[in-house]
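# Structural description and commentary
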Amino acid sequence: MIKGSVTGLRAVERDDLPQLLEWRNQPLYRRFFREDRELNSFQQERWFEETVVGGSSTRMFSIVELDGGRLIGACGLCYINWRDRNADLSLYIGIGGLYIDDTYAPDAARTLLHFGFEEMGLHRIWAEIYSVDTAKEKLFKSLGMTLDGRHRETRWTAGHWVDSLFFSVLADEYRICGDV
């Protein structure tokens with residue numbers, strides 16, 4: 001387990017899948033995910049086998065409370081490009097409908113960034129979010145991530161077009177912020 005201050009990141013277990021699927025299928029969350037359709041248990045199982053168990057371009061984790069080990073969310077580094085040493089950060093807190101809160105999400109994100117930069121030797125960690133995802137935008141800015149750019153009207157959601165926002169942080173910038 002990779003430990004933060006209040007969260008731990010551990011391997012996703014098959015027993016986690018029903019809870020992760022329930023959280024992932026919540027309409028509030030789905031509108032923030034690239035894959036926004038509702039998934040069934042077969043699709044969740046296939047994701048687990050292909051991406052979590054067999055994938056070399058993704059490192060997914062279950063987020064747990066350090067005190068007691070309760071499953072509270074999921075995160076990972078996706079689309080890992082080993083040649084150019086970069087990856088896409090993915091994260092949500094499922095417990096209690098929090099999605100992105102002020103305690104668990106920042107701690108899990110910092111822990112994941114530390115893992116990506118210090119353990120995996122990544123140079124750049126980035127994320128694409130939609131402009132309606134103001135909670136994640138605030139989180140990324142608080143982590144010292146830079147808004148690299150905006151792709152206009154890339155996603156149709158809730159009856160209107162929204163933009164894609166691209167954030168990133170470089171290893172040296174992250175270390176300068178004093179988070180490592």
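Residues numbered from 1 in each chain as written. Predicted model: local features only at pLDDT ≥ 70, side-chain atom pairs only at ≥ 80, totals over all residues. Heavy atoms only, no water.

## Some points on the overall build of the protein
Put simply, the rule reads: Under the scheme used here, helices are H or I runs from DSSP no shorter than 4 residues and strands are E runs no shorter than 2 residues, and both carry numbers assigned from the N terminus. Radius of gyration means the value over C-alpha atoms here, while the globule rule gives 2.2 Å times the residue count to the 0.38 power.
Scanning the protein from terminus to terminus reveals six helices and eight strands. The order of α-helices and β-strands along the protein, N terminus first, is β-β-α-α-α-β-β-β-α-β-α-β-β-α. Since a compact globule built from 180 residues should have a radius of gyration of about 16 Å, the 16 Å found for the protein is in line with a globular shape. Once the C-alpha set of the protein is aligned to its principal axes, its extents read approximately 40 × 40 × 35 Å.

## A word on the layout of surface pockets
Short version of the rule: The way it works is a 1 Å grid over only the protein atoms, where trapped points that fit a 1.4 Å probe form a cavity and open points with protein on both sides within 12 Å along at least five of seven lines form a pocket, and then any residue with an atom within 4 Å of a point lines it. Grid points are joined across faces, edges and corners, and a volume is the space filled by probe spheres set on the points.
Roughly 890 Å³ of volume is contained in the largest pocket. Every residue lining the largest pocket is counted, 32 residues in all, and those nearest its centre are Arg 24, Glu 35, Trp 47, Cys 78 and Ser 90. Those elements that provide at least two residues to the lining of the largest pocket are α1 (17-24), α3 (41-53), β4 (71-81), β5 (86-93), β6 (124-130) and α5 (134-142). If one sorts the elements of the lining of the largest pocket by residue count, α3 sits on top with six residues.

## Examining the sheet that holds strand β3 (residues 59-65)
Worth spelling out the cut-off: Strands are treated as partners if at least two bridges between them are detected by DSSP. Whether two residues are in contact is decided by their heavy atoms, any of which lying within 4.5 Å being enough. Every angle, taken between N-to-C directions, lies between 0 and 180 degrees, and every axis is a line fitted to C-alpha atoms, over only the stretch in contact when it is a helix.
Sheet architecture is open: eight strands sit in the order β1-β2-β3-β4-β5-β6-β8-β7, paired in mixed fashion. For this open sheet the edge positions go to β1 (2-3) and β7 (146-157), each flanked by a neighbour on one side alone. Here β7 pairs with strand β8 (residues 160-170) via eight bridges, running antiparallel. Residue Gly 149 lies in a different strand from β8, and its bridge partner there is Phe 166. Here α1 sits on the sheet in contact with β3, β4 and β5, set at roughly 85° to β4. Against the sheet, helix α4 (residues 104-119) contacts β1, β2 (7-11), β3, β4, β5, β6 and β8, and its axis sits at roughly 160° relative to β5.

## As for the pattern of salt bridges
Defined as follows: The salt bridge definition used is simple: a Lys or Arg side-chain nitrogen within 4 Å of an Asp or Glu carboxyl oxygen.
Applying the stated rule across the entire model yields 13 salt bridges. Members of the salt-bridge network, linked through shared partners, are Arg 14, Glu 45 and Glu 49.

## Observations regarding the pairing of β2
As judged from the two bridges shared by β1 and β2, these two strands associate in the antiparallel manner. Its bridge partner lying in β2, Lys 3 is registered against Gly 8. Hairpin connection, β1 to β2: the antiparallel pair is bridged by three residues. As judged from the five bridges shared by β2 and β3, these two strands associate in the antiparallel manner. Note that in β3 the partner of Arg 10 across the bridge is Ser 62.

## Concerning the environment of Ile 80
Cut-off, in case you're wondering: Burial classes follow relative accessibility: with a 1.4 Å probe on protein chains only, a residue under 20% of its type's maximum area counts as buried, one over 50% as exposed, and anything between as partly exposed.
For Ile 80, the location among the structural elements is in strand β4. Using a relative accessible area of 8% as the deciding quantity, one classes Ile 80 as buried. On a C-alpha basis, the gap between Ile 80 and Ser 57 in space is 4.6 Å, while along the polypeptide they are 23 residues apart. If sequence neighbours within four positions are ignored, Ile 80 has contacts with Ser 57, Thr 58, Arg 59, Asn 86, Ala 87 and Met 120.

## A look at unusual backbone geometry
Positive phi, normally seen in glycine, also occurs at Glu 153, with a value near 45°. Tracing the backbone through its elements, the reader meets Glu 153 in strand β7. Relative accessible area serves as the criterion here: at 52%, Glu 153 is assigned to the exposed category. Of note, Ala 158 is a non-glycine position whose phi angle comes to about 50°, a positive value. Note on Ala 158: relative accessible area 61%, which makes it exposed.

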